[in-house]
Amino acid sequence: TPKQLAPWTLESAADLHVGSDGVTLEPACWLTGDSRACFKIVRAAEGATGFAFRLQDFALAYFKPFMPAGWAVDGQVSGTGDLLSRSINSAHIDLTTTEGRLRVGQRTVLDFLPSSMQLDGQGNSLIAKLAMPLKNGTVAMNAALAPGDDFAARALSGQINIDLPDLGCECFGWTDCT
């Protein structure tokens, strides 16, 4: 974990089921301060893998190790996700964030207000929605991934609305903006 963040501890023993139908780990719940993260992982005998999660006040700062050097994000995320079934129709993610900010170096490049993201499987399609109001603008998305046998060949349609002030490349600490 990053130095400034508290370590996580396992809330209680997680059940591990191993059988001819596969392996299931549930629920593995981890705590730190007011944050809680629970996971369920399923690996079926025929190789299919599924994942479900529940987050409560999860600090976005824990994502810093996955970000470019010098980048940081503040705020919290809560929500649930269910990607356990092989059927796309049962896919579901519902996340909300608190107010937060994205920084590059010492400069804040994005101040976001409480936001939400949903992903739902419907009619063999995936429907995604994002609502991210900003201190100075907004980012919103409504998108649909069409049904089809080849996941990678499915058509993607929808709308992305971005209303941002002119950030300029200097917000990201770049010296050459060409």
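Residues numbered from 1 in each chain as written. Predicted model: local features only at pLDDT ≥ 70, side-chain atom pairs only at ≥ 80, totals over all residues. Heavy atoms only, no water.

(A) The packing of aromatic side chains, seen in detail. Per the stated rule, a full pass over the model turns up 6 aromatic pairs. Through a chain of ring-to-ring contacts, three or more aromatic side chains come together here, namely Trp8, Phe58, Tyr62 and Phe63. (Phe/Tyr/Trp six-rings, centres within 6.5 Å; stacked < 30°, edge-to-face > 60°.)

(B) Quick look at the environment of Ile162. If you trace the backbone, Ile162 turns up in strand 14 (residues 156-163). Spatially, the C-alpha atoms of Ile162 and Thr138 are 5.9 Å apart, while their sequence positions differ by 24 residues. Non-local contacts of Ile162, meaning those with residues more than four positions away in its chain, are made with Thr138 and Val139. (Helix = DSSP H or I, 4+ residues; strand = E, 2+ residues; numbered from the N terminus. Contact = heavy atoms within 4.5 Å.)

(C) Summary view of the pattern of salt bridges. Enumeration over the complete set of coordinates arrives at 5 salt bridges. Across the pair Glu11 and Arg36 runs a salt bridge, and its minimum N-O distance is 2.7 Å. One end of the pair, Glu11, is in the loop between strand 1 (9-10) and strand 2 (15-19); the other, Arg36, is in strand 4 (residues 35-44), with 25 residues separating them in the sequence. A salt bridge links Arg101 to Glu99; the nearest nitrogen and oxygen atoms lie 3.9 Å apart. Taking the relative accessible area as the measure of exposure, Glu99 reaches 48% and is therefore partly exposed. Each member of the salt-bridge network shares a partner with another, and the members are Glu99, Arg101 and Asp111. (Salt bridge = Lys/Arg side-chain N within 4 Å of Asp/Glu carboxyl O. Buried < 20%, exposed > 50% of the residue type's maximum accessible area, 1.4 Å probe, protein only.)

(D) Main features of the nonpolar core. Leu55, Phe58, Val77 and Leu126 are the most contacted members of the largest nonpolar core, which totals 24 residues. Looking at this core element by element, the count peaks at 4 residues for strand 5 (residues 49-59). Contacts of Val77, omitting those with residues within four sequence positions, involve Leu55, Gln56, Asp57, Phe58, Leu60, Leu95, Thr96 and Thr97. (Core = buried A, V, L, I, M, F, W, Y, C linked by side-chain atoms within 4.5 Å.)

(E) Geometry of the side chain of Arg154. Assignment of secondary structure puts Arg154 in the loop between strand 13 (137-145) and strand 14. Arg154 gets classed as buried once you look at its relative accessible area, which sits at 15%. For Arg154, the side chain forms a polar contact with the main-chain oxygen of Asn124, separated by 3.0 Å. Apart from residues no more than four positions distant in its own chain, Arg154 is found in contact with Ile88, Asn124, Ser125, Leu145, Ala146, Pro147 and Gly148. (Polar contact = N/O pair within 3.5 Å; in protein donor to acceptor, adjacent residues only side chain to side chain.)

(F) Here's a closer look at the environment of Gly121. Looking at where Gly121 falls in the secondary structure, it is placed in strand 11 (residues 115-122). Spatially, the C-alpha atom of Gly121 lies 8.4 Å from that of Ser87, the residues being 34 residues apart in sequence. Setting aside anything within four residues of it in sequence, one finds Gly121 in contact with Ile88, Asn89, Ala91 and Leu126.

(G) Quick look at the state of the cysteines. Using the criterion set out here, one finds 1 disulfide in the structure. Paired through a disulfide, Cys29 and Cys38 show a sulfur-sulfur distance of 2.1 Å. Between Cys29 and Cys38, the S-S torsion sits near 115°, and that sign places the bridge as right-handed. With respect to burial, Cys29 and Cys38 carry one shared label: buried. (Disulfide = S-S within 2.5 Å.)

(H) Looking closely at unusual backbone geometry. Look at Asp57: it is not a glycine, yet its phi comes out positive at around 55°. Here Asp57 shows up in strand 5. Judged by its relative accessible area of 25%, Asp57 is partly exposed. Phi angles above zero are rare outside glycine, and Asn124 is one such case at about 65°.

Keep in mind that these numbers describe shape and distance, not what the molecule does.
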